[in-house]
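# Working through the structure, step by step
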Amino acid sequence: MYEVIGHPTSRAFRVLWLLEELGQPYTNIPAKPHSPEALDCNPSGKVPALRVGGQVITDSTAIMTYLADKHGQMTFPAGTLERARQDAVTHQIIDEIDGVLWMATRHKFIHPENRRVPAVIDSLKWEYERNIGHMADRFEGPFVMGETMTIADIILTNCLNWAFGAKFPAAPEKLSSYAKAMRSRDAYQRASGKA
């Protein structure tokens, strides 16, 4: 059984949702960042972490890649062109969407008050709107990779939810509709019930 360390309101939700999609049993330790449980798994205190047979994996995308590869679901096989395309779009989401949201969050309430630069948030909202527009331009659906749901969908949906909660500009309609459909998935609902 997998052990997920991280509160479901963090990026740990991505891992919980994937495990629900995979139908794999797990336990969740709803640890907050920098808590003793988080520090026990990751010296930086970041969550999530995944404990597997006494070993620990950190970083939500690394964890999801491991799980998808191990169970042969929610990913294309390593070494294929489809996987290269999937990895490219996954990294684009992390860099251009997740990274922008995380920077804004740090300047809103994570950094010590004397290190925050609230004025940067308007620029980050502009950058997010531009980047999510580029994502919408390439989106054909029903999933990020077309007919096959992958871990990229979990990351993108999580980011769209995060942006909405942070009052960032609304995503283009096709991505808003996509996010609504993703949130209606049974596995998403089961993972949400753990929050």
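Let me begin by describing the structure that accompanies this report.

Analysis parameters
Residues numbered from 1 in each chain as written. Predicted model: local features only at pLDDT ≥ 70, side-chain atom pairs only at ≥ 80, totals over all residues. Heavy atoms only, no water. Helix = DSSP H or I, 4+ residues; strand = E, 2+ residues; numbered from the N terminus. Rg over C-alpha atoms; globule rule 2.2 N^0.38 Å. Buried < 20%, exposed > 50% of the residue type's maximum accessible area, 1.4 Å probe, protein only. Contact = heavy atoms within 4.5 Å. Areas by Shrake-Rupley, 256 points an atom, 1.4 Å probe, with all protein chains shown as cover. Lys, Arg positive; Asp, Glu negative; His and termini not counted. Charge placed at Lys NZ, Arg CZ, Asp CG, Glu CD. Phe/Tyr/Trp six-rings, centres within 6.5 Å; stacked < 30°, edge-to-face > 60°. Polar contact = N/O pair within 3.5 Å; in protein donor to acceptor, adjacent residues only side chain to side chain. Pairing = 2+ DSSP bridges. Right-handed = clockwise from strand over helix to strand, strands pointing away. Expected span 1.5 Å × (residues − 1). Arc of directions from axis to C-beta. Axes fitted to C-alpha atoms, helices over the stretch in contact; angles between N-to-C directions. Parallel < 35°, antiparallel > 145°, perpendicular 65-115°, else oblique. Nonpolar A, V, L, I, M, F, W, Y, C, P; charged D, E, K, R; others polar.

All right, on to the overall build of the protein then. The helix and strand tally for the protein stands at eight helices and four strands. Starting at the N terminus and walking to the C terminus, you meet the elements of the protein as β-α-β-α-β-β-α-α-α-α-α-α. Its C-alpha atoms give the protein a radius of gyration of 17 Å, near enough to 16 Å, the size a compact globule of 195 residues would have. For the protein, with 195 residues in total, the buried portion stands at 47%. Across the protein, every contact between residues at least 6 apart in sequence was considered, and the portion connecting residues at least 24 apart equals 65%. Counting only carbon and sulfur atoms, one obtains 54% of the accessible surface of the protein, whose full area is about 9,900 Å². Positive and negative side-chain charges in the protein, numbering 22 and 22 respectively, have mean positions lying 5 Å apart.

This part takes up the packing of aromatic side chains. Working definition: an aromatic ring pair is given by the centre-to-centre distance plus the angle between the planes. Tallying each qualifying case throughout the model produces five aromatic pairs. Pairing Phe-13 with Tyr-188 gives two aromatic rings, centres 5.2 Å apart and planes at 75°, and the pair type is edge-to-face. Pair noted here: Phe-13 is in helix H1 (residues 12–22) and Tyr-188 is in helix H8 (residues 186–192), with a separation of 175 residues, a long-range link. The pair formed by Phe-13 and Tyr-188 is uniform in burial state, with each residue classed as buried. Ring plane angle 90° and centroid distance 5.4 Å describe the contact between Tyr-128 and Phe-168, whose orientation is recorded as edge-to-face. Of this pair, Tyr-128 sits in helix H5 (residues 120–138) while Phe-168 sits in the loop between helix H6 (151–165) and helix H7 (173–183), and the two are 40 residues apart along the sequence. Since its relative accessible area comes to 1%, Tyr-128 is described here as buried.

A few words on the environment of Arg-51. Mapped onto the secondary structure, Arg-51 falls in strand S3 (residues 49–52). Through-space distance from the C-alpha of Arg-51 to that of Gln-189 is 23 Å; in sequence the pair is 138 residues apart. In this structure the side chain of Arg-51 is engaged in a polar contact, spanning 2.3 Å, whose partner is the side chain of Glu-3. A polar contact of 3.3 Å, which involves the side chain of Arg-51, links it to the side chain of Asp-40.

A separate point is the pairing of strand S1 (residues 2–5). The side-chain alternation of S1 yields two buried faces, one formed by Tyr-2 and Val-4 and the other by Glu-3 and Ile-5. For S1 and strand S2 (residues 26–29), the ladder comprises four bridges, and the chain directions are parallel. In the sheet register, Ile-5 faces S2, and the bridge partner there is Ile-29. Handedness of the S1-H1-S2 crossover: right-handed. With three bridges connecting them, S1 and S3 associate as antiparallel partners. Residue pairing for S3: Glu-3 is matched across the bridge by Arg-51.

On to helix H3 (residues 60–71), then. Three or four residues apart is the spacing at which side chains of an α-helix point the same way, because the helix has 3.6 residues per turn. Between the first and last C-alpha of H3 there are 16 Å, a value that for 12 residues agrees with the 16 Å anticipated at 1.5 Å per step. Here H3 has its buried residues at Ser-60, Thr-61, Ile-63, Met-64, Leu-67 and Ala-68. Angularly, the buried residues of H3 cover 160° about the axis, an arc narrow enough to put them on a single face. Against the buried residues of H3 lie S1, H1, S3, strand S4 (55–58), helix H4 (81–110) and H6. Capping the start of H3 is the job of one residue whose side-chain oxygen sits 3.0 Å from the backbone nitrogen of Thr-61: Asp-59. Of the residues one or two after H3, Gly-72 is the one with positive phi, at around 65°.

Quick look at the packing of H6 against H7 now. Two elements in contact, H6 and H7, have axes whose closest approach is 10 Å; the angle formed by their N-to-C orientations is 110°. Compared by their axis directions, H6 and H7 come out roughly perpendicular. Residue-level inspection shows Asp-153, Leu-156, Thr-157, Leu-160 and Asn-161 of H6 in contact with H7, the latter providing Leu-175, Tyr-178, Ala-179, Met-182 and Arg-183. When its residues are assigned to classes, the contact of H6 with H7 shows six nonpolar, two polar and two charged.

The next point concerns the side chain of Thr-157. Assignment of secondary structure puts Thr-157 in helix H6. A distance of 2.8 Å separates a polar atom in the side chain of Thr-157 from the backbone oxygen of Asp-153. Apart from the residues within four sequence positions on either side, Thr-157 is in contact with Trp-17, Tyr-178, Ala-179, Met-182 and Arg-183.

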